[in-house]
Amino acid sequence: MQRVNIKDLTRQELEHIITDLGEPGYRAQQIWDWLYRKYMFSFANMSNLPPGLRKRLADKTFISWPRLLKRQEAEDTIKYLLQLRDGQGIETVLMRYRSWHSLCLSTQVGCAMACKFCASTRGGKLRDLSTAEMLDQVLFVQRELNSKGDKPITRVVLMGMGEPLDNYENVIKFIYILHDPDGLNMGFRRITISTCGLVPGIMKLTQEGIPVNLAVSLHAPDNKLRDKIMPINKRYPLEKLLKACREYVEVIGRRITLEYTLIAGMNDSLKHAEELTRLLDNLSCHINIIPLNPIPGCDYRPSSPKTTTGFVNYLRARGMSVTQRREMGQSITAACGQLRLVRGKGGRIDNSEGQGNDYLG
Ligand code: SAH
């Protein structure tokens, strides 16, 4: 019988397993406490559980724990390359702000969306991440912060490798466990899902009815240009995308964020800015201007500071809410997927020894 990853289970699912084993349901709570408050990855150390239960749990389930392959620290970011049980490498980036920590995590190994300027999509999508593998990114970094007495992670953004809405079920389950007051207790409003514009996924999220932040990577104000830099636009063009965004705002009652990466000579003229204001007319939104992080094999370059300021000021003058994301971690190749690329072969390391820790001790 194949053992399940215990962090792929909701609390109710774990309770079922526990009661099937003839133990009281509250044991699930004790186990969650070990997993999500104490970052434990061995049943052997769960000292308030009867030894027999620990053994039977280890027969049915295992506890994953990623292995650190590389850790790069710059002023305001720490970038982790983590290895999963099957040897795949994924990236997680901690962003340090003055009064909080935000974690940018991956949702897939690679990505199928083929945006021209993005490193994560080189080599396509290898696989989806499981719910447990997303939780592990939070737990791994949280444990490190905790051991240093540093402030905890209070925001999570799904803006690392992968397209979250192309891994919908696992992502939603991850969000519910992250949110659960007995899990990591993170408010929905502190969680951001970023999408390249998978319209059916946005519609599903609207039906889900949870007040997470939705960010949509727009990057172009017209279909011709967007088709060129983001192939997903051919399937879900701007009319459909904006319609889904409007519905989201209406039903969830929260404004949406639009990401716009300025690429020199491509989408950064005042004509583009003007088109953008027209496109977003009457939509409750916030625009996040992101500097392009050049990647190998793509000759797109970031816009000059002067052009960037001109673009931002144009939008502001027309009453739009705009922020300019400060450049974070460029010195450590923090743009999505870059660390994994540098490592070669998609970060896959064949020796997966030491993955997880499911022994009884
Ligand atoms: N697939 C999701 C989330 C991952 S990418 C999405 O597309 O939104 C997170 C953000 O970084 C997106 O807005 C993406 O377009 C942007 N991005 C990717 N590569 C970049 C690069 N080289 N420079 C600047 N922004 C980049």
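You'll find the structure just up there.
Quick summary incoming for the structure in this document. (Residues numbered from 1 in each chain as written. Predicted model: local features only at pLDDT ≥ 70, side-chain atom pairs only at ≥ 80, totals over all residues. Heavy atoms only, no water.)

## Concerning the site of the ligand
Next, step 1: Neighbouring the ligand are 20 residues; F117, S194, S217, H219 and N293 lie closest to it.
Next, step 2: Take S217: an N or O atom from its side chain is 2.6 Å from an oxygen atom of the ligand.
Next, step 3: Compared with its free state, where it exposes 530 Å², the ligand has 95% of that area covered by protein.
Next, step 4: Sorting the residues of the shell around the ligand by element identifies β10 (191-195) and β12 (256-262) as the ones contributing at least two each. (Near = heavy atom within 4 Å. Polar contact = N/O pair within 3.5 Å; in protein donor to acceptor, adjacent residues only side chain to side chain. Areas by Shrake-Rupley, 256 points an atom, 1.4 Å probe, with all protein chains shown as cover. Helix = DSSP H or I, 4+ residues; strand = E, 2+ residues; numbered from the N terminus.)

## Here we look at the sheet that holds strand β6 (residues 101-105)
Next, step 1: The strand order across the open sheet formed by ten strands is β3-β4-β5-β6-β9-β10-β11-β12-β13-β14, and the pairing between neighbours is mixed. Two strands lie at the open edges of the sheet, namely β3 (67-73) and β14 (322-324), each paired on one side alone. Each neighbouring strand pair of the sheet contributes to a mean axis angle of 20°, computed without reference to strand direction.
Next, step 2: Of the strand pairs in this sheet, strand β5 (residues 89-96) and β6 are connected by five bridges, and their pairing is antiparallel. Paired with M95 across the bridge in β6 is S102.
Next, step 3: Strand contacts of helix α11 (residues 305-317): β12, β13 (285-291) and β14, with the helix running at about 160° to β14, the strand carrying the most contacts. (Pairing = 2+ DSSP bridges. Axes fitted to C-alpha atoms, helices over the stretch in contact; angles between N-to-C directions. Contact = heavy atoms within 4.5 Å.)

## Quick word on the environment of S64
Next, step 1: With respect to the element layout, S64 can be found in the loop between β2 (61-62) and β3.
Next, step 2: The sequence separation of S64 and E133 amounts to 69 residues, and the corresponding C-alpha distance is 7.8 Å.
Next, step 3: Polar contacts involving the side chain of S64 include one to the side chain of D136, which spans 2.5 Å.

## Some words on unusual backbone geometry
Next, step 1: A positive phi angle is found at Y39, which is not glycine, with a value near 55°.
Next, step 2: Turning to its location among the elements, Y39 is positioned in the loop between α2 (26-37) and α3 (51-60).
Next, step 3: Residue Y39 is classed as buried on the basis of its relative accessible area of 9%.
Next, step 4: Even without a glycine there, the phi angle at N185 is positive, about 55°.
Next, step 5: With respect to the element layout, N185 can be found in the loop between α5 (168-179) and β10. (Buried < 20%, exposed > 50% of the residue type's maximum accessible area, 1.4 Å probe, protein only.)

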